[in-house]
Amino acid sequence: MKLRKKLLLAATSLSLLLTACGANSNGPDEASKDKVKIGVITPQTGSVSIYGQANEKGIRLAVDEINEAGGINGKEIELTVMDDKGEITDAVTSYNKLVEEDVDLIIGAFTSKPSLAVAETAVNNDIPVITPGGTQEEITEGKANIFRQTFTNSYQGSLLAIFAKDKLGAKTAAILKNSSDDYSTGIAKAFSDKAAELGIQIVGEEAYGAADTDFKAQLTSLKAAGPDILLLPDYYEKLSLIMPQAREVGIESTFIGPDGWAGFLSSLDESAYDDVNNSYYNDHFAIDSTEEIVANFVKAYQDAYSEDPISPSALGYDSVYLAKQAIEEAGTTEPKALTKAIKATEFAGVTGSFSFDENNNPQKSSTMIKIEDGKYKFETIVKPR
């Protein structure tokens, strides 16, 4: 009889222990956690490091502000930053390490291919992921816990065509794209489709490869078409080469481009500033904005880092505040509840006000920036239609 009681007591204790463990199989009990753990995947080194470094600075600025103000629901944010070098394998490795560290939410990756790789891995886990800069449509499609802060390729390609028609009065356009990059080709196609709808004639289209540094043959061909505008959908490294070469072959068209232009003046020699005067690109905020939330962010960033923020900085900053708002509204960091709260969030930040659509893409307007005398200047706001 005594043995039976002991066995019954042991079985009951084991059952209670398994129940407790099963209720919290994803890590320590939330009530016992004294911090909100946010993981970050962003390129600190490599060819797109200018984006990753700016992104991390914006994220850290937001975390410092929130922690100084008492944290989230009284809990301090603990930040873990991983360098993916802008590479797919490193991004997935970074994601897996962050999951092992039991983070509550992940911000990253930043560029599209690493972001898509992370998203395809993260869809098998409930932890919510916010990509600040991944523009490829497939990143969020059909993935309940994956969210995007930036525009999609097709969204900004369409906005650029609207701007070209409404603000620049363009009747003709040409395109020079990177055929090896989904970002570049996706924006080019969306622009071309919307341009046709708006009555802008595409009079030339040329392409180049990822390793190319001489674009004069393509540019000479486009010059013969005499377009009003030349769309350059690529990142800062290529732009600093293409624009001076375009002027050298005699192209007088107005240059326009997407958010990948952000920060490109820092990679351009000052002697080439005249080559890029009166060019335009779509962005998420304007550094010279008088809107209070933007002006406060710009000043805080300048005070903290002695440099101007660019859009990856603002997107990272807003990603943290989006997470804060969702956690406060959910009242928990439990993954499914937090994902649901992010989805329902009506957010207002430095990069605009938005809610998420059915594919977890932010619905917001674009800020058009004019490049003039080596500076970025607010031009106008463009809304989708």
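Residues numbered from 1 in each chain as written. Predicted model: local features only at pLDDT ≥ 70, side-chain atom pairs only at ≥ 80, totals over all residues. Heavy atoms only, no water.

*Asks:* Which residues make up helix 7 (residues 216-225), and what are the values?
*Replies:* Where helix 7 is concerned, the buried positions are Gln218, Leu219 and Leu222. Looking straight down helix 7, one finds its buried side chains confined to an arc of 95°; they lie on one side. Relative to its buried face, helix 7 has exposed residues pointing more than 90 degrees away, namely Ala217 and Ala224. Looking one or two residues past helix 7, Gly226 carries a phi angle of roughly 55°, positive in sign. (Buried < 20%, exposed > 50% of the residue type's maximum accessible area, 1.4 Å probe, protein only. Helix = DSSP H or I, 4+ residues; strand = E, 2+ residues; numbered from the N terminus. Arc of directions from axis to C-beta.)

*Asks:* A description of the side chain of Thr345 should follow, citing residues and the corresponding values.
*Replies:* With respect to the element layout, Thr345 can be found in the loop between helix 12 (335-344) and strand 11 (347-349). Of the polar contacts made by the side chain of Thr345, one reaches the backbone oxygen of Ala341; its length is 2.7 Å. Residues within four places of Thr345 in sequence aside, it is in contact with Leu322, Gln325, Ala326, Glu329, Phe354 and Ser355. (Polar contact = N/O pair within 3.5 Å; in protein donor to acceptor, adjacent residues only side chain to side chain. Contact = heavy atoms within 4.5 Å.)

*Asks:* How would you explain the sheet that holds strand 14 (residues 375-382) if you had to name every residue and give the values?
*Replies:* One open sheet holds the seven strands; their spatial order is 7-6-8-9-10-13-14, and the pairing between them is mixed. The strands lining the two open edges of the sheet, one partner per strand, are strand 7 (201-208) and strand 14. If you compare each strand with its neighbour and ignore which way they point, the axes differ by 25° on average. In this structure, strand 13 (residues 366-372) lies alongside strand 14, joined through seven bridges in antiparallel fashion. Bridge pairing links Ile369 to Phe378 in strand 14. Sheet contacts for helix 5 (residues 153-166): strand 8 (229-231), strand 9 (254-257), strand 10 (279-283), strand 13 and strand 14; angle to strand 14, the most-contacted strand, approximately 90°. (Pairing = 2+ DSSP bridges. Axes fitted to C-alpha atoms, helices over the stretch in contact; angles between N-to-C directions.)

*Asks:* Kindly report on the sheet that holds strand 5 (residues 146-148), identifying the contributing residues and their values.
*Replies:* Spatially, the five strands line up as an open sheet ordered 2-1-3-4-5, and their pairing is parallel. The open sheet terminates on both sides in strands that have one partner only, identified here as strand 2 (76-83) and strand 5. Going from strand to strand, the sheet's axes swing by 20° on average, the running direction of each strand aside. When strand 1 (residues 35-42) meets strand 2, the two strands line up parallel, connected through eight bridges. Paired with Val40 across the bridge in strand 2 is Val81. Its contacts with the sheet put helix 11 (residues 311-330) on strand 1, strand 2, strand 3 (105-107) and strand 4 (129-131), and the angle it makes with strand 3 is roughly 160°.

*Asks:* Account for the nonpolar core, naming residues and giving values.
*Replies:* Counting 55 residues, the largest nonpolar core has Phe191, Leu219, Leu230, Leu232, Trp261 and Phe264 as its most contacted members. Looking at this core, the element that brings in the most residues is helix 5, giving seven residues. Sequence-distant contacts of Leu232, defined by excluding residues within four places in its chain, comprise Leu176, Leu239, Ile242, Met243, Phe255, Ile256, Gly257, Pro258 and Trp261. With 36 residues, the next largest nonpolar core counts Ile38, Ala323, Phe354 and Phe356 among its residues. (Core = buried A, V, L, I, M, F, W, Y, C linked by side-chain atoms within 4.5 Å.)

*Asks:* I'd love a proper account of helix 3 (residues 88-100), names of residues and values included.
*Replies:* Its 13 residues give helix 3 an end-to-end C-alpha distance of 19 Å, which sits within 8% of 18 Å, the value for a rise of 1.5 Å per residue. Among all positions of helix 3, only Ala91, Ser94, Tyr95 and Leu98 are buried. Projected down its long axis, helix 3 carries its buried residues within an arc of 100°, all on one side. Those residues of helix 3 that are exposed and aimed more than 90 degrees away from the buried face are Thr89 and Glu100. The inward-facing, buried residues of helix 3 contact strand 1, strand 2, strand 3, helix 4 (112-122) and strand 4. Backbone geometry just after helix 3 places Asp102 at a positive phi near 60°. (Expected span 1.5 Å × (residues − 1).)

*Asks:* Talk me through the pattern of salt bridges; I want residue IDs and the actual numbers.
*Replies:* If you walk through the whole model with that rule in mind, you get 15 salt bridges. In this structure, Asp90 and Lys85 form a salt bridge, with 3.5 Å as the shortest nitrogen-oxygen distance. Given a relative accessible area of 38%, Lys85 falls into the partly exposed group. Across the salt bridge formed by Lys324 and Glu328, the nearest N and O atoms sit 2.9 Å from each other. Highlighted residues: Lys324 and Glu328, both in helix 11, separated by four residues, approximately one helical turn. Residue classification places Glu328 among the partly exposed residues on the basis of a relative accessible area of 35%. One continuous salt-bridge network, built from bridges that share partners, spans Lys33, Asp102 and Asp104. (Salt bridge = Lys/Arg side-chain N within 4 Å of Asp/Glu carboxyl O.)

*Asks:* Residues and numbers for the environment of Arg148, please.
*Replies:* The topology assignment puts Arg148 in strand 5. Under the relative-accessibility criterion, Arg148 is labelled buried at 0%. Counting along the chain gives 22 residues from Arg148 to Ala170, while the straight-line C-alpha distance between them is 31 Å. Reaching out from Arg148, the side chain makes a polar contact with the side chain of Asn361 at a distance of 2.6 Å.

*Asks:* Explain the side chain of Gln149 to me, and be specific about the residues and the numbers.
*Replies:* Among the secondary structure elements, Gln149 is positioned in the loop between strand 5 and helix 5. Residues in contact with Gln149, not counting those within four places in the same chain, are Ile130, Thr131, Pro132, Leu315, Asp318, Ser319, Leu322, Phe354, Pro362 and Lys364.

*Asks:* Please give an account of the packing of aromatic side chains that cites residues and values.
*Replies:* On inspection of all chains with the given rule, the structure shows 18 aromatic pairs. Ring geometry for Tyr281 versus Tyr376: centroids 6.0 Å apart, planes at 80°, classification edge-to-face. Highlighted residues: Tyr281 in strand 10 and Tyr376 in strand 14, separated in sequence by 95 residues. Among the residues examined, Tyr376 registers a relative accessible area of 22% and is labelled partly exposed. When the centroid spacing of 5.0 Å and the interplanar angle of 50° are considered together, the rings of Tyr317 and Tyr321 count as tilted. Pair noted here: Tyr317 and Tyr321 are both in helix 11, with a separation of four residues, about one helical turn. The ring centre of Phe151 lies 5.5 Å from the NZ or CZ of Lys364, which sits over that ring. (Phe/Tyr/Trp six-rings, centres within 6.5 Å; stacked < 30°, edge-to-face > 60°. Lys NZ or Arg CZ within 6 Å of the ring centre and 35° of its normal.)

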